[in-house]
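A structural walkthrough
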Amino acid sequence: METNLAEHPSETPRTPLTLLGLGAMGTALAEAWLAAGHPLTVWNRTPARAEGLAARGATAAATVEQAVAANRLVAVCLLDDASVPAALDGVDLTGKDLVNLVTSTPGQARARAAWAERRGARYLDGGIMAVPPMIGVPETGAYVFYSGSSELFEEHGGTLAVPAGTRYVGADPGAAALHDVALLSGMYGMFAGIAHAFALVRGESVTPGELAPLLGGWLAAMSGSVTRTAEQLESGDYTRDVVSNLAMQVAGRQTLLRTAEEQRVSAELLQPYFRLMERRLEIGSGEEDLTGVVDLLRR
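So, here is what we can say about the structure in this document. (Residues numbered from 1 in each chain as written. Predicted model: local features only at pLDDT ≥ 70, side-chain atom pairs only at ≥ 80, totals over all residues. Heavy atoms only, no water.)

Within the structure shown, the criterion is met by 4 aromatic pairs. With a centroid separation of 5.1 Å and an interplanar angle of 85°, the aromatic rings of Tyr 143 and Phe 145 are classed as edge-to-face. Each of the two residues, Tyr 143 as well as Phe 145, counts as buried. For the ring pair Tyr 146 and Phe 153, a centre distance of 5.9 Å and an interplane angle of 45° mean the geometry is tilted. The same class applies to Tyr 146 and to Phe 153, which are both buried. Clustering of aromatic rings is evident, with ring pairs tying together Tyr 146, Phe 153 and Tyr 168. If you follow Arg 167 out to its NZ or CZ, it ends over the ring of Tyr 143, 3.8 Å from the centre. (Phe/Tyr/Trp six-rings, centres within 6.5 Å; stacked < 30°, edge-to-face > 60°. Buried < 20%, exposed > 50% of the residue type's maximum accessible area, 1.4 Å probe, protein only. Lys NZ or Arg CZ within 6 Å of the ring centre and 35° of its normal.)

With that settled, the discussion passes to the pattern of salt bridges. Tallying each qualifying case throughout the model produces 11 salt bridges. Put simply, Asp 97 and Arg 72 hold a salt bridge, and the shortest N to O gap is 3.1 Å. Here the residue Asp 97 occupies a position in strand 6 (residues 97–100), and Arg 72 occupies one in the loop between helix 3 (64–70) and strand 5 (73–76), the gap between them amounting to 25 residues. Accessibility expressed as a relative area gives 1% for Asp 97, which makes it buried. In this structure, Glu 155 and Arg 122 form a salt bridge, with 2.8 Å as the shortest nitrogen-oxygen distance. Of the two residues, Glu 155 is situated in helix 6 (residues 150–160) and Arg 122 in strand 7 (residues 122–129); the sequence distance between them amounts to 33 residues. Looking at Arg 122, the relative accessible area reads 25%, which means it is partly exposed. Beyond isolated ion pairs, a larger network of salt bridges with shared partners links Arg 72, Asp 97, Arg 122 and Glu 155. (Salt bridge = Lys/Arg side-chain N within 4 Å of Asp/Glu carboxyl O. Helix = DSSP H or I, 4+ residues; strand = E, 2+ residues; numbered from the N terminus.)

With that settled, the discussion passes to helix 1 (residues 24–35). End to end, helix 1 covers 17 Å across 12 residues, agreeing with the expected 16 Å (1.5 Å per residue, within 8%). Within the sequence span of helix 1, burial applies to Met 25, Gly 26, Ala 28, Leu 29, Ala 30, Ala 32, Trp 33 and Leu 34. Contacts made by the buried residues of helix 1 are with strand 2 (17–20), strand 3 (40–43), helix 2 (51–55), strand 5, strand 7 and helix 6. (Expected span 1.5 Å × (residues − 1). Contact = heavy atoms within 4.5 Å.)

The structure is reproduced here in structure tokens:
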């Protein structure tokens, strides 16, 4: 289920809401809701951060209790999971619709949902797939994974879609966090490869600016492996549609390692993955794709 109503703020129900937390992301969310005409109450532990938003029409609550009491829909964008109970300790949540936009683990999200429900609130967990400058700008493709109360999502989906697109991924409160962390983990793996690639050419005749478009284009071309890996995992056939088999890639790793040594670059970002490839070759088939390393990671 995916929506993005930020392009048409006039069509979005102007539901009043409260936002707790005005860091970089919280402020971006607040600005998007205000721009769309939503009555907004804000609270931050450091009150000065609310002054700019108050000048633009937001109501700055003096206390978190006042902020929560102001509206049924309450969005939380604090530092971490522990900040949520710390801020809301003793606050009456009865009848509230709590949308938690704090980056957390699936287990933390499930525990926070149970915590909210014990206190009389409906709960929706969110995983934001964007950085602050992308919020409120539909063409950036920003979106938020949501999971938890489907009734809450259906009722407030239009309001939630104002800052960024929405993708509801199920009733399990931990599903949004799981999707979020899975995508972020893939991102950091890519960042590791990018760092190694730039380290190899550092100080050489190839400048970072020259390598950048080549590297970006190559990574984009290789992104098709994501779909192929998914299909192989679902079918259980790791030899299906193999382009470069495991045996060949294990043999080829030596060239990458020797090049790193010649360039006086540490291979510490590559070695863990290469070791997994070697282990898979020992127990699997050389005709497989690299998909088998997924099974080695499962404990």
